[in-house]
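# A closer look at the structure
In case you want the letters, here they are:
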Amino acid sequence: MHNTALQNADYFFKTYLDQSAGKKVVEIGSQDVNGSIRQVCPKDVDYIGLDFVEGKGVDIVLTDPYQLPLSENSVDYVVSSSVFEHSEMFWVLFIEILRVLKPDGLFYLNAPSNGMFHRYPVDCWRFYPDSGNALVKWAEREGLQPALLESYTSYQDSDYWNDFVSVFIKDVEYVEGYQKRIVDTHNNFYNGLVYGSDEFINFKEITQDQLKIQAIRDITNSRLVIK
């Protein structure tokens, strides 16, 4: 697990789990591979780890990637990091996640906005700044009424990953129950969105990788001019 995956999960838990005692947290893709977001979650929750294979951190092995063995309206928080890029039909999984969440339940999604090709067992998708709102629109077509509380793309931290992070609430009627946002307390992100506004925070058209490439080109061109 890369550094920003842990860091962004820690931001989520500290922002949205003020009163965590007894809450049910379900992680999709919970196998501990060089670290797990379970380690930054409050210890007083009922934590259930789901994955497609047995391993450290896995409490329940899934037999169908689009069916969660959980009752409707039974979970306070669903979290998923570095999984949706491997889901061939992540929009189907998104609807299933909303099914198991309580009406005021939250879904934390972390998926790469860029990064190396890494099959597990497939690698299908990357997520851009409008992805969160697109998922909300899909759920609305399915007769649900979720809301995107916030989303952003985090900067790299000693590696090549930029994480797209988003936080959804199952039912828009419960938005007022969550007043705090990650983007209000941290600045290491770009293209942030918050519920109630269409204006991007720290808007950037050029990705961090593109900025690096441009900087290398500028240095190279300046050296050629000097010669």
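Our structure's up above, just so we're on the same page.
Because the structure is a prediction, the values reported are computed rather than measured. (Residues numbered from 1 in each chain as written. Predicted model: local features only at pLDDT ≥ 70, side-chain atom pairs only at ≥ 80, totals over all residues. Heavy atoms only, no water.)

### Things to note about the packing of aromatic side chains
Here the structure, examined in full by the defined rule, presents 20 aromatic pairs. Taken together, a centroid distance of 5.7 Å and an interplanar angle of 40 degrees make the contact between phenylalanine 84 and phenylalanine 107 tilted. Taken together, the residues phenylalanine 84 in the loop between strand 4 (75-81) and helix 2 (90-100) and phenylalanine 107 in strand 5 (residues 101-112) connect sequence positions 23 residues apart. No difference in accessibility class separates phenylalanine 84 from phenylalanine 107, as the two residues are buried. Pairing phenylalanine 94 with phenylalanine 168 gives two aromatic rings, centres 5.0 Å apart and planes at 65 degrees, and the pair type is edge-to-face. Of this pair, phenylalanine 94 sits in helix 2 while phenylalanine 168 sits in strand 7 (residues 163-169), placing them 74 residues apart in sequence. Judged by its relative accessible area of 0%, phenylalanine 94 is buried. (Phe/Tyr/Trp six-rings, centres within 6.5 Å; stacked < 30°, edge-to-face > 60°. Helix = DSSP H or I, 4+ residues; strand = E, 2+ residues; numbered from the N terminus. Buried < 20%, exposed > 50% of the residue type's maximum accessible area, 1.4 Å probe, protein only.)

### With respect to the nonpolar core
Within the largest apolar cluster, 29 residues are counted, with the highest numbers of intra-cluster contacts made by Leu68, Val78, Phe84, Phe94, Ile97, Phe107 and Phe168. When contributions to this core are tallied by element, the ones reaching two or more residues are strand 1 (24-28), strand 2 (46-51), strand 4, helix 2, strand 5, helix 3 (131-141) and strand 7. Sort the elements by how many residues they give to this core and helix 2 lands first, with 6 residues. If sequence neighbours within four positions are ignored, isoleucine 97 has contacts with Ile28, Leu68, Val78, Phe84 and Phe107. Ranked by size, the runner-up nonpolar core spans 27 residues in total, among them Phe13, Val45, Ile182 and Val183. (Core = buried A, V, L, I, M, F, W, Y, C linked by side-chain atoms within 4.5 Å. Contact = heavy atoms within 4.5 Å.)

The analysis is restricted to geometry; functional conclusions fall outside its scope.
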